[in-house]
Amino acid sequence: MKHLLKLLDLTPEEITGLLNLADQLKYERKHGIPHPRLAGKTLGMIFQKASTRTRVSFEVGMFQLGGMALFLSGSDLQIGRGESVSDTARVLSRYLDGIMIRTFSQDEVEALASYGSIPVINGLTDFAHPCQVLADLMTIRESKGSLEGLKLCYIGDGNNMANSLIVGCLKAGMKISAACPKAYPPDAAALEFAKTYRDRFSLTDSPALAAVGADVLYTDVWASMGMEAERTERARAFLGYQVNEAIMRAAKPDAMVQHCLPAHKGEEITSDVFEAHAGEIFDEAENRMHIQKAILVTLME
Ligand code: CP
Ligand code: NVA
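Small disclaimer: the values here were computed from a predicted structure and weren't measured. (Residues numbered from 1 in each chain as written. Chains lettered and ligands numbered in written order. Predicted model: local features only at pLDDT ≥ 70, side-chain atom pairs only at ≥ 80, totals over all residues. Heavy atoms only, no water.)

Draft legend 1. Broad picture of the overall build of the protein chain. If you tally the helices and strands in the protein chain, you get twelve helices and nine strands. Computed over the C-alpha atoms, the radius of gyration of the protein chain is 19 Å, within 12% of the 19 Å expected from 2.2 N^0.38 for a compact globule of 301 residues. For the protein chain, the spread of C-alpha atoms along the principal axes amounts to about 55 × 45 × 35 Å. Here the protein chain holds 301 residues, and 57% of them are scored as buried. Sequence separation of at least 24 residues holds for 76% of the intrachain contacts in the protein chain that already meet a minimum separation of 6. If you sum the accessible surface of the protein chain, you get close to 12600 Å²; carbon and sulfur atoms cover 53% of it. (Helix = DSSP H or I, 4+ residues; strand = E, 2+ residues; numbered from the N terminus. Rg over C-alpha atoms; globule rule 2.2 N^0.38 Å. Buried < 20%, exposed > 50% of the residue type's maximum accessible area, 1.4 Å probe, protein only. Contact = heavy atoms within 4.5 Å. Areas by Shrake-Rupley, 256 points an atom, 1.4 Å probe, with all protein chains shown as cover.)

In structure tokens, the structure reads:
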């Protein structure tokens, strides 16, 4: 593994390897065993969009590994004034040991990786959110014991989370049913990948149908970052695409609820369901840090 650009690039073995290493690093952290595996190394973190979890978990994770992280706001970098991604990649490769980038276009992340000479980690694009889905898989495995054969139901926008969940769950041996409004389907690349897994993947516009027998219910915001102008129109289109009591009744009695956060309670999830499952949702947020440490060690050690 040279970069983490999207889950489509990873083998199932690489995914399992990251999950195992994340469990080990979490255990070490909880038991006070230091692991300075990236002593003296530096990670640059480019943010072209807002972040709470990604920024803090990468920064703290690098510190715990003995290295340091630099926050680079897209609007303060010359990239925000038109310097090319290819030049930025080649310059940053001379100073840093790795780059994490959160931006709009997946192509920009791929370009950074191809022009630079250091590992690049995708911290969210409009197409994918691989770090989040690896944390989700870690959390589900921790709670259910194994991933093989479990059914995850995703309800909502066919966005970056839907795309990465489809690929991640299928590669991890899970089933995934997605319920998205017809006008907001997942990306064609994720659907193309899922074609080879017809027995483990389904796409519908009915949340009630998708939720039947689910082990995990997953949802995300109706309007992702960068889509704020469409909020009203989306609120109308997504009405009914909500994880609520009725949806929970269609799932297995011991179904987990996961949400990448931030949550808009009363929209994609009710407050009651959110609070009843807050423990596993915040475990999921915590696991962002452990899985990202595993990604950093794998790419940069
Ligand atoms: N889930 C997630 O990526 O959160 P942030 O946007 O706060 O980083
Ligand atoms: N789909 C959301 C995920 C946030 C972590 C967004 O892109 O804003």
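Draft legend 2. Region of the structure containing the packing of aromatic side chains. By the definition in use, this model includes seven aromatic pairs. Ring geometry for Trp222 against Phe238: centres 6.2 Å apart, planes inclined by 15°, an arrangement best described as stacked. Of this pair, Trp222 sits in the loop between β8 (216–219) and α9 (231–237) while Phe238 is found in the loop between α9 and α10 (245–250), placing the two residues 16 residues apart along the sequence. Phe238 shares its class with Trp222; the two are buried. Both rings, one in Phe274 and one in Phe282, keep their centres 5.9 Å apart while their planes meet at 80°; by these two values the pair is edge-to-face. When the ring centre of Phe71 is taken as reference, the NZ or CZ atom of Arg55 above it lies at 3.6 Å. Lying over the aromatic face of Phe274, Lys265 brings its terminal NZ or CZ to 4.1 Å of the ring centre. (Phe/Tyr/Trp six-rings, centres within 6.5 Å; stacked < 30°, edge-to-face > 60°. Lys NZ or Arg CZ within 6 Å of the ring centre and 35° of its normal.)

Draft legend 3. Here's a closer look at the layout of surface pockets. In this model, the largest pocket occupies a volume close to 440 Å³. Looking at the largest pocket, it is lined by 27 residues, and the ones nearest its centre are Arg102, Leu124, Met225, Leu261 and Pro262. Contributions of two or more residues to the lining of the largest pocket are made by α2 (53–64) and α6 (160–171). Class assignment for the residues of the lining of the largest pocket results in ten nonpolar, nine polar and eight charged. (1 Å grid on protein atoms, 1.4 Å probe; cavity = no way out; pocket = protein on both sides within 12 Å on 5 of 7 lines; lining within 4 Å. Points joined across faces, edges and corners; volume = space filled by probe spheres on them. Nonpolar A, V, L, I, M, F, W, Y, C, P; charged D, E, K, R; others polar.)

Draft legend 4. Just the pattern of salt bridges, in detail. If you walk through the whole model with that rule in mind, you get 17 salt bridges. Asp205 is the partner of Lys182 in a salt bridge, and the nearest nitrogen-oxygen pair spans 2.8 Å. Taken together, the residues Lys182 in the loop between β6 (175–179) and α7 (188–194) and Asp205 in the loop between β7 (201–204) and α8 (207–210) connect sequence positions 23 residues apart. Residue class for Lys182 comes out exposed when judged on its relative accessible area of 69%. Asp215 is the salt-bridge partner of Lys252, the closest N and O atoms lying 2.9 Å from each other. On the criterion of sequence distance, the pair formed by Lys252 in the loop between α10 and β9 (256–259) and Asp215 in the loop between α8 and β8 is long-range, its members being 37 residues apart. Salt bridges sharing partners connect three or more residues here, namely Lys6, Asp9 and Glu110. (Salt bridge = Lys/Arg side-chain N within 4 Å of Asp/Glu carboxyl O.)

Draft legend 5. Molecular detail of the site of ligand 2. Contacts to ligand 2 come from Leu124, His129, Asn159, Asn160, Asp220, Val221, Ser224, Met225 and Leu261. Note that a nitrogen atom of ligand 2 is positioned 2.8 Å from one of the side-chain N or O atoms of Asn160. Between a nitrogen atom of ligand 2 and a side-chain N or O atom of Asp220, the distance comes to 2.6 Å. Here ligand 2 is seated within the largest pocket. Each residue belonging to the shell around ligand 2 can be placed in one class, and the counts come to four nonpolar, four polar and one charged. (Near = heavy atom within 4 Å. Polar contact = N/O pair within 3.5 Å; in protein donor to acceptor, adjacent residues only side chain to side chain. Sits in = over half its atoms within 2 Å of the grid points.)

None of the figures reported here should be taken as evidence of function without further support.
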